[in-house]
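So the chains spell out like this:
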Amino acid sequence: MTVSSQKPFTATVLGLPRVGPRRELKRATESYLAGRIDADALHAVARDLRRDQFAELLAAGLDSIPVGTFSYYDQVLDTAVLLGALPPRVADIADPLDRYFAAARGNDTVEPLEMTKWFDTNYHYLVPEIGADTTFSLNPEKVLQELREAIELGVPARPVVVGPITFLKLAKSATGSPLDRLGELVGLYRELLRLLAEAGAQWVQLDEPALVTDLTADELDAVRTTYAELSSAAERPAILVATYFGHPDAALPALAGTDIDAVALDFTAGVDVAAVAEVPALANKLLVAGLVDGRNVWRADLDHGLAMLATLLGSADSVAVSTSCSLLHVPYTLAVETGLEERLRSWLAFGAEKVAEVRLLATGLAEGPEAIGAELAATRAALASRKADRRLEDPQVRARLAGLDAEALRRAPAEERRALQRDRLRLPSLPTTTIGSYPQTSAIRLARAALRKGEIDQQEYIRRMRAEIAEVIALQEELGLDVLVHGEPERNDMVQYFAEQLDGFAATELGWVQSYGTRCVRPPILFGDVARPTAMTLDWITYAQSLTEKPVKGMLTGPVTILAWSFVRDDQPLADSARQVALAIRDETVDLQGAGIRIVQVDEPALRELLPLRAVDQPAYLEWSVQSFRLATSGVADTTQIHTHLCYSEFGAVIDAIAGLDADVTSIEAARSHMEVLDDLNAEGFDLGVGPGVYDIHSPRVPSVEEITTSLRAALKAVPAQRLWVNPDCGLKTRGPVEVTAALRNMVAAAAAVR
Ligand code: GLN
Ligand code: ZN
């Protein structure tokens, strides 16, 4: 098969969601894992989901459809399987599905692969491990089978595989740089291309989002040689290399200089028409223009899209319309959202609506704007109604933000605050505390479900939550903890809970998005200016405080985290939205203080996640994210102690931002990274209170007193006693009550021993 004989396509998307419009795959997988259904039943659910999805995309008029982006758990894990790169500890498990899920989730005897965020999204992938004992081999059954299945259904199938550079850059290697192994992979990819062509694929898509990150000169060379070799294969489908989430910069001419057939670019994330015009080698390629935002929920501006397409035509051999990235990151469809207000709804596009937008743009490009005249008019009307909506500009919020001066952001120097707080709180040295949540028991979940179904009223719900709070307070008193929490029973989720109470946010009913494996989240939609109509946490926290003499921490989520886990406005900079959320949180801290609360914790676990992919963009982000935290936390008196909590183990680029937050006490994940983070903080001159997690809550194992004592002693080598706090490394909501009680008892005993 010769490559030039492949017809370019005109309308596509880069990838598909897979949990099912009603989370069918999640349920089936959980049933399989619990032993309630067998592998055949699970495969049948998956096959039906794929078939229905293909039917919809065909009906919507796409002329090239991604195949193989389906996954039982994660596409990077699928690629590790494809390349024979599972670690030896799971490779011996005989049953393929057991092996797969063991790699994903671990079992009684093996640890799973590590999980981390997929670029700057909230999707988590499994990190491949490459060691000296990794011998790559090709296992193409999954993608070949899905390809055959699609071809049988009459689908213009374009198999999608994570490309070799991205795969290796995401892997962690025990020996040297993972890219050292590139040479071994290229042969396997060439063989894969041959098999795909033989099975009837006319196109293949290799996903290379790693090309939008900073690459070294050697890595750019690797891009050139890898794609030169892959495109020189005699038997292969036409090759599309997909970049997304940013601008490929120097990687674009590198790619375009090879004989690949098409490049996908993300025009919603920094690529513009000028950048394309500067790469003459694109003139003989298909340009797949990611004009429809694949990871946010706003309706596309079709006029703008058509104008861009007209210009792009001059720079490429042909142009296809696409989403900017896979539809994995948005909900399936707006059609089922009956509860959304009509006006807001007209501004939005979820997965199915984005497919329709792609089709419209492709038609408009091929046949002229008149061919989509009615839709252009409808879009213009919707966009105009959005622009004119009064909720997009709350004059009061804007005036308050404009009026804030430097004084409003100032707290006394840390040392002064420390002395004031010491006198007021009178805590023992090495104070013990927890991160906020206690186990979400079935009683809590049942109460929430009953309230939702109308089986109990608000009053009864409050009564039950208060009973939970009373129990958690009594438990902490009995265990002898020093700074107590209310346990967060009333929160389904640390972002949704606040979004539901703030003006400017809307919630969906079925807007589920895969976060990892079988776990889905329903991100709120930020559409307008943010304001806090009334206090959000005050009643719960003051109730908890009324039950004890010890200080109870007020517990809030920070502005960066609230935005990171929401769909955000695209009509103003994220930094502006962050200031508005910060103002609302600030008002809450002041209310808590007014009600006698002496310590307030503002969690920012997502601070690291939003860090821009390119180093040049990072300082500006760190500047505004730190400022928004300070805005949120500087409204209180110097006697009120501000805590924060961050949870990830790779601090690297954000380490000096942690000092910049200027929180009186910072609790961080350290149990798994063995306290190294303390040395990193010291190197930055950090001299505030710090609570390095003394045990890993991600495992059900109860740590012994000796173990915790050892980690405390290790921490004391890096941090003087008057700054050190004792706490687990994250919230306890996913753990069981029995193990939590035992672990905290040991933690308190260890603190006493070390004192
Ligand atoms: N306060 C939250 C809790 O304890 C923090 C959760 C988190 O770190 N992600 O659950
Ligand atoms: Zn945490």
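Anyway, here's the lowdown on the structure attached to this text. (Residues numbered from 1 in each chain as written. Chains lettered and ligands numbered in written order. Predicted model: local features only at pLDDT ≥ 70, side-chain atom pairs only at ≥ 80, totals over all residues. Heavy atoms only, no water.)

## A word on the state of the cysteines
Then, in step 1: With the rule as written, the count across this model stands at zero disulfides.
Then, in step 2: Cys520 forms no disulfide, and the closest cysteine sulfur to it belongs to Cys325, at a distance of 17 Å.
Then, in step 3: For Cys520, a relative accessible area of 9% gives the class buried. (Disulfide = S-S within 2.5 Å. Buried < 20%, exposed > 50% of the residue type's maximum accessible area, 1.4 Å probe, protein only.)

## Description of the site of ligand 1
Then, in step 1: Near ligand 1 the following residues occur: Ile435, Gly436, Ser437, Glu488, Met494, Asp603, Pro605, His645, Cys647, Cys730, Gly731 and Lys733.
Then, in step 2: A distance of 2.8 Å is found between a nitrogen atom of ligand 1 and a side-chain nitrogen or oxygen belonging to Glu488.
Then, in step 3: Relative to its unbound accessible area of 300 Å², ligand 1 is 92% covered by the protein chains.
Then, in step 4: When its residues are assigned to classes, the shell around ligand 1 shows five nonpolar, four polar and three charged. (Near = heavy atom within 4 Å. Polar contact = N/O pair within 3.5 Å; in protein donor to acceptor, adjacent residues only side chain to side chain. Areas by Shrake-Rupley, 256 points an atom, 1.4 Å probe, with all protein chains shown as cover. Nonpolar A, V, L, I, M, F, W, Y, C, P; charged D, E, K, R; others polar.)

## Some remarks on the packing of helix α1 (residues 24–33) against helix α5 (residues 96–105)
Then, in step 1: Remark: α1 packs on α5, axes separated minimally by 12 Å, with the N-to-C direction vectors making an angle of 105°. Relative to α5, the element α1 is oriented roughly perpendicular. When α1 is examined against α5, the residues Thr29, Tyr32 and Leu33 are found in contact with a partner set consisting of Leu97, Asp98, Phe101 and Arg105.
Then, in step 2: Here the residues of the contact of α1 with α5 sort into four nonpolar, one polar and two charged. (Axes fitted to C-alpha atoms, helices over the stretch in contact; angles between N-to-C directions. Helix = DSSP H or I, 4+ residues; strand = E, 2+ residues; numbered from the N terminus. Parallel < 35°, antiparallel > 145°, perpendicular 65-115°, else oblique. Contact = heavy atoms within 4.5 Å.)

## A closer look at the sheet that holds strand β18 (residues 641–646)
Then, in step 1: Across the sheet, five strands lie side by side as β16-β17-β18-β19-β20; this open sheet has parallel pairing. Edge positions in the sheet fall to β16 (553–557) and β20 (689–692), since each of these pairs with one other strand and no more. Within the sheet, the average angular offset between the axes of one strand and its neighbour, ignoring direction, is 20°.
Then, in step 2: Strand direction decides the pairing type here: β18 and strand β19 (residues 665–668), joined by four bridges, are parallel. Residue Thr644 lies in a different strand from β19, and its bridge partner there is Thr666. (Pairing = 2+ DSSP bridges.)

## Structural notes on the sheet that holds strand β9 (residues 262–266)
Then, in step 1: Pairing is parallel across the open sheet formed by seven strands, whose spatial order is β1-β5-β7-β8-β9-β10-β11. Each of the sheet's edge strands pairs with one partner strand only, and the pair in question is β1 (65–67) and β11 (318–323). Recorded for the sheet is a direction-independent mean angle of 30° between the axes of neighbouring strands.
Then, in step 2: Relative to β11, strand β10 (residues 286–292) runs parallel, the two sharing six bridges. Counterpart to Val288 in the pairing with β11 is Ala320.

## Quick notes on a negative patch on the surface
Then, in step 1: On the surface, Asp656, Glu676, Asp679, Asp680 and Glu684 cluster together to form a negatively charged patch.
Then, in step 2: Top element by residues in the negative patch is helix α26 (residues 676–683). It accounts for three residues.
Then, in step 3: Mapped onto the elements, Glu676 comes out in helix α26. (Patch = residues over 30% accessible without salt bridge, like charges linked within 9 Å, V, L, I, M, F, W, Y side chains within 5 Å. Salt bridge = Lys/Arg side-chain N within 4 Å of Asp/Glu carboxyl O. Lys, Arg positive; Asp, Glu negative; His and termini not counted. Charge placed at Lys NZ, Arg CZ, Asp CG, Glu CD.)

## Things to note about the pairing of β9
Then, in step 1: Burial runs high along β9: five of the five residues are buried.
Then, in step 2: The alternating pattern of β9 places Ala262, Ala264 and Asp266 and Val263 and Leu265 on opposite faces, both of which are buried.
Then, in step 3: Strand direction decides the pairing type here: strand β8 (residues 238–242) and β9, joined by three bridges, are parallel. When the sheet's bridge partners are listed, Leu240 is paired in β9 with Ala262.
Then, in step 4: Once the chain exits β8 it traverses helix α10 (residues 251–256) before rejoining the sheet at β9, and the crossover so formed is right-handed.
Then, in step 5: As defined by bridge partners, β9 adjoins β10 across five bridges and the pair is classed as parallel. Bridging from a neighbouring strand, Ala264 pairs with Val288 of β10. (Right-handed = clockwise from strand over helix to strand, strands pointing away.)

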